[in-house]
Amino acid sequence: ETGVTQSPTHLIKTRGQQVTLRCSSQSGHNTVSWYQQALGQGPQFIFQYYREEENGRGNFPPRFSGLQFPNYSSELNVNALELDDSALYLCASSEPPASEQYFGPGTRLTVT
Amino acid sequence: AQKVTQAQTEISVVEKEDVTLDCVYETRDTTYYLFWYKQPPSGELVFLIRRNSFDEQNEISGRYSWNFQKSTSSFNFTITASQVVDSAVYFCALTVMDSNYQLIWGAGTKLIIKP
């Protein structure tokens, strides 16, 4: 059974640029959730996708957008990057949404 | 609104000591789920346990045990005979149906096990 994978591992971007992060869910899981974790803090929920539809969204601006594909993999897009977007971005998969979420290793994004 | 409080920011103990990590939650929902996750220095969150609101039975898994008490809205985690490999940040989290099951996280407790 393949676990949750994320790419890239690390990324450095300049303020104002756009970035796309990718996540492959665990086999058999139809729900993907994205979280932002700033250094020394707990994860903050960005949004969740269930069977290709957005199923909930946290308190993040519209420049954070996502997508889920028919194979349940997912993308997180962030436009107009700001310095405060520097964080660890975590993807988690589950089935169904209420069950335990399994996390990928994360993507460390640095915005300069 | 839902909230999870982990009042202990950092705990440091000597190896082989027992240690308890506290978690207090707030929700008006009668159906909810509680979780504990471990985040070692590598950064990947590791699932430890899921408990639903209708199951107050305590659980033991090896050196780990969890005490769920609805009367005090607490879901505490105890590590018996701690080991250096237990050093990590531990997060307690809550999810409810009305929030589309998004995880509401505590701030985490950093556990340091000294050899």
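Scope of this entry: the structure provided in the associated data block. Numbering of residues starts from 1 in every chain and runs along the sequence as written. The order in which chains are written sets their letters, starting at A; the order in which ligands are written sets their numbers, starting at 1. Given that this is a predicted model, residues contribute local features only at a pLDDT of at least 70 and side-chain atom pairs are listed and counted only at 80 or more, while totals for whole chains, interfaces and linings are drawn from all residues. Excluded from the side-chain calculation are hydrogens and water; included are all heavy atoms of the structure.

1. Re the interface of chain B and chain A
So, step 1. Each side of the interface is counted separately: chain B has 17 residues, and chain A has 21 residues.
So, step 2. What counts as buried area is the accessible surface, traced by a 1.4 Å probe, that two parts surrender upon association, with contributions from both included. The junction of chain B with chain A conceals about 1,500 Å² of combined surface from both sides, 57% of it contributed by carbon and sulfur atoms.
So, step 3. The term salt bridge refers to a pairing of a side-chain nitrogen on Lys or Arg with a carboxyl oxygen on Asp or Glu at a separation within 4 Å. Counting across the interface, chain B meets chain A through one salt bridge.
So, step 4. Here Arg 50 of chain B ties to Glu 100 of chain A by a salt bridge, and the two come within 3.9 Å at their closest N and O atoms.
So, step 5. Under this definition, polar contacts are N or O atom pairs within 3.5 Å; protein pairs additionally need one hydrogen-donor-capable and one acceptor-capable atom, and for neighbouring residues in sequence, both atoms have to be side-chain atoms. Applying the counting rule to chain B against chain A returns three residue pairs in polar contact (both at pLDDT 80 or more).
So, step 6. In this description a helix means any DSSP run of H or I spanning at least four residues, a strand means any run of E spanning at least two, and both kinds are numbered starting from the N terminus. When contributions to the side of chain B that touches chain A are tallied by element, the ones reaching two or more residues are β5 (32–39) and β6 (46–52) of chain B.
So, step 7. The element that contributes the greatest number of residues to the side of chain B that touches chain A is β5 of chain B, accounting for four residues. It only takes one pair of heavy atoms within 4.5 Å for two residues to be counted as in contact.

2. Re the environment of Ala 80 of chain A
Residues and elements named next belong to chain A.
So, step 1. Secondary-structure assignment places Ala 80 in the loop between β8 (74–78) and β9 (87–94).
So, step 2. With 32 residues separating them along the chain, Ala 80 and Gln 48 place their C-alpha atoms 21 Å apart.
So, step 3. Excluding anything up to four places from it in sequence, Ala 80 contacts Gly 16, Gln 17, Arg 63 and Asp 85.

3. Here's the deal with the pattern of salt bridges
Pairs may arise between side chains of opposite charge once their charged atoms sit close together.
So, step 1. One pass over the full model with this rule turns up eight salt bridges over all chains.
So, step 2. Arg 51 of chain B is the salt-bridge partner of Asp 55 of chain B, the closest N and O atoms lying 2.7 Å from each other.
So, step 3. Burial classes follow relative accessibility: with a 1.4 Å probe on protein chains only, a residue under 20% of its type's maximum area counts as buried, one over 50% as exposed, and anything between as partly exposed. Judged by relative accessible area, which is 25%, Asp 55 of chain B ranks as partly exposed.
So, step 4. The exposure class of Arg 51 of chain B is buried, given its relative accessible area of 7%.
So, step 5. Salt bridges linked by common partners bring Arg 63, Glu 82 and Asp 85 of chain A together as one network.

4. A word on the sheet that holds strand β1 (residues 5–7) of chain A
All names here are of chain A.
So, step 1. Strand order in the open sheet formed by four strands is β1-β3-β8-β7, with antiparallel pairing between adjacent strands. With one partner strand each, in any of the chains shown, β1 and β7 (64–68) form the two edges of the open sheet. On average, each strand axis in the sheet is tilted by 20° relative to the strand beside it, whichever way the strands run.
So, step 2. Inspection of the sheet shows β7 paired to β8 by five bridges, in the antiparallel sense. Across the sheet, residue Gln 68 finds its bridge partner in β8, namely Ser 74. When DSSP finds two or more bridges between a pair of strands, those strands are recorded as paired. Note on geometry: axes are lines fitted to C-alpha atoms, helical ones only across the stretch in contact, with angles between N-to-C directions running from 0 to 180 degrees.

5. Quick look at the packing of aromatic side chains
So, step 1. Working definition: rings of Phe, Tyr and Trp (its six-membered ring) pair if their centres are within 6.5 Å, and the pair is stacked with planes under 30 degrees apart, edge-to-face with planes over 60 apart, and tilted otherwise. Under the definition given, this model contains 20 aromatic pairs over all chains.
So, step 2. Relative to Phe 64 of chain A, the ring of Phe 60 of chain A lies with its centre 5.1 Å away and its plane at 65°, an arrangement referred to as edge-to-face.
So, step 3. Residue Phe 60 of chain A is classed as buried on the basis of its relative accessible area of 15%.
So, step 4. Ring geometry for Trp 66 of chain B and Phe 77 of chain B: centres 5.0 Å apart, planes at 5°, overall stacked. Here the residue Trp 66 of chain B occupies a position in strand β8 (residues 64–69), and Phe 77 of chain B occupies one in strand β9 (residues 74–79), the gap between them amounting to 11 residues.

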